[in-house]
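Listed below, chain by chain, are the residues.
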Amino acid sequence: MNFGESDAERALRAEVREVLGTPPVRAALDDLARVTAAGEREPDVRPLYRAIAAHRLFAASWPEEYGGRGVSHLEAAAVIEELVRGGMPDMLQVLSVQIVGLFLLEAGSDEQKARYLPKLASGELFATVLYTEPEVGSDLASLRAAAVRDGDGYRLSGTKVFGLKSGMSDIGLCAVRTGTGTTKYEGISLFLVDLHAEGVTRGHIASLADEQYDRVELDGVWVGADALLGAEGEGWSLLTRCLAIERTGLDYSLKAARWYDATLTGLIPETTDDALLEEVGRYGAAVDAGRLLAWSTISQLGRGPLDPTSAAISKYHTSETAAQVAIWAALVHGHGYGLRALSPEKAAVLEAGYRESPGLTLSAGTSEMMLELVASSAFDRPDVIGGAGGGSEI
């Protein structure tokens, strides 16, 4: 279902479907399908991304000078939606383009934009984020990784955990402490770190999900002053903007739709009773509502800074819905997905979704944090949320 699409969005969708059928992209999709079917948990998606990027579709909303097409954020979302429907895994694209790339567009210097954005848009470089640390969890402001001055640059040391795709990434957007202040939110700075540099060690953390979590050790990694994003010590305000960009909900809504559609393909009339039909309708409505929320949030990107409360609402609903749909699919199809007519391909989709679902409500901010953001805005913005007024510490 496409809600009130423009002619430009429809044209882009048609173009993407044509691109997905071109020999280089088709071959890359087929290779990806083969290694996935062989049981490889985290296949290399970079060849596919580069084939797509050759059509300037990988970062379509970026200005042409940086490798994009200069289309609106909504039109770019239509591109991503069609690519994912066509079989493109999206996580490395989300990290490289929708998070690190968009953050560079907003906060990077002219030199940083010229250096990194064209290479990210073409698939020459890929990026990830290095935020979370052991024993810190969602309290990002309590991070302990540090950067100290060394000549005309800095030395970074610390451990980052539960990131994704560091093994396929070339640069990491890294939050570290460069000083102290009256609160823990002061003295945090952001750096772009070369993940191939001396002193960087990358490894995996065991998990159920097909996309494995990473552990990245930084041992005195040297970066130049030009690796600093924004002003030293002002990283928290930049992080707040970056985290909001992560929470549009588009990626979660696409997962929910994929798992919902796969569930429906396995239903047969003889075993679909009224109770199950009610669930089909309820989850279908939640999936559609999540897509509407995501697209509403994305539309804000073209009008200025993203409202953190709207982003929190979208992230909460879409991630919770995706997780619930994955669990519902397991209940519908039974252990091993053998109780109903489900193809091996669709069964593999739902099995992977079931393994991934526990992390969806944790990544990019836990559901509890999203609810806290929304609740606090009820006091700060009673005209919008309906709160009673008053202050908030958040």
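Residues numbered from 1 in each chain as written. Predicted model: local features only at pLDDT ≥ 70, side-chain atom pairs only at ≥ 80, totals over all residues. Heavy atoms only, no water.

### Focus: the pairing of strand β3 (residues 153–164)
The following threshold applies: A 1.4 Å probe rolled over the protein chains alone gives each residue an accessible area, and that area as a share of the maximum for its type sets the label: buried under 20%, exposed over 50%, partly exposed in between. The helix and strand labels rest on DSSP assignments: H or I over at least four residues marks a helix, E over at least two residues marks a strand, and numbering proceeds from the N terminus. Criterion used throughout: strands pair if DSSP finds at least two bridges between them.
Most of β3 is tucked away: 9 of the 12 residues are buried. Pairing of strand β2 (residues 146–150) with β3, which is carried by 5 bridges, proceeds in the antiparallel orientation. Residue Val-148 lies in a different strand from β3, and its bridge partner there is Arg-155. Connecting the antiparallel pair β2 and β3 is a turn made up of 2 residues, with Gly-151 showing a positive phi of about 65°. In the sheet, β3 pairs with strand β7 (residues 213–224) via 10 bridges, with the strands oriented antiparallel. Its bridge partner lying in β7, Arg-155 is registered against Trp-222.

### Describing the pairing of strand β5 (residues 188–194)
When a strand is regular, its side chains alternate between the sheet's two faces. Within β5, 6 of the 7 residues are buried, leaving the element largely enclosed by the surrounding structure. When β5 meets strand β8 (residues 228–229), the two strands line up antiparallel, connected through 2 bridges. Within the sheet, the bridge partner assigned to Phe-191 lies in β8 and is Leu-228.

### With respect to the packing of aromatic side chains
Put simply, the rule is: Side-chain rings of Phe, Tyr and Trp (the six-membered ring for Trp) are treated as a pair once their centres are within 6.5 Å; stacked means planes under 30 degrees apart, edge-to-face means over 60, and tilted covers the remaining angles.
A complete count under the given rule lists 8 aromatic pairs for this structure. Each ring, one from Phe-58 and one from Phe-126, has its centre 6.3 Å from the other, and the planes form 80°; the classification is edge-to-face. Here Phe-126 lies in the loop between α6 (110–122) and β1 (127–130) and Phe-58 lies in the loop between α3 (46–53) and α4 (73–85), a separation of 68 residues in the sequence. Exposure remark for Phe-126: the relative accessible area of 0% places this residue in the buried category. Taken together, a centroid distance of 5.6 Å and an interplanar angle of 85° make the contact between Phe-162 and Tyr-213 edge-to-face. Taken together, the residues span a long stretch of sequence, with Phe-162 in strand β3 and Tyr-213 in strand β7 at a distance of 51 residues. Owing to a relative accessible area of 48%, Phe-162 belongs among the partly exposed residues under this scheme. Of the residues examined, Tyr-213 reaches a relative accessible area of 22% and is grouped as partly exposed.

### Some thoughts on a nonpolar patch on the surface
Rules: Grouping into patches uses exposed residues only, defined as over 30% relative accessible area, and leaves out salt-bridged ones; the cut-off is 9 Å for like charges and 5 Å for nonpolar side chains (Val, Leu, Ile, Met, Phe, Trp, Tyr). In this description, accessible areas are obtained by the Shrake-Rupley approach with a 1.4 Å probe, and a residue is regarded as covered only by the protein chains that are shown. Any Lys or Arg side-chain nitrogen located within 4 Å of an Asp or Glu carboxyl oxygen qualifies as a salt bridge.
Nonpolar side chains collect at one region of the surface, where Ile-327, Leu-331 and Tyr-354 lie side by side and expose about 330 Å² of accessible area between them. The residue Tyr-354 is located in helix α11 (residues 344–360) in this model.

None of the figures reported here should be taken as evidence of function without further support.
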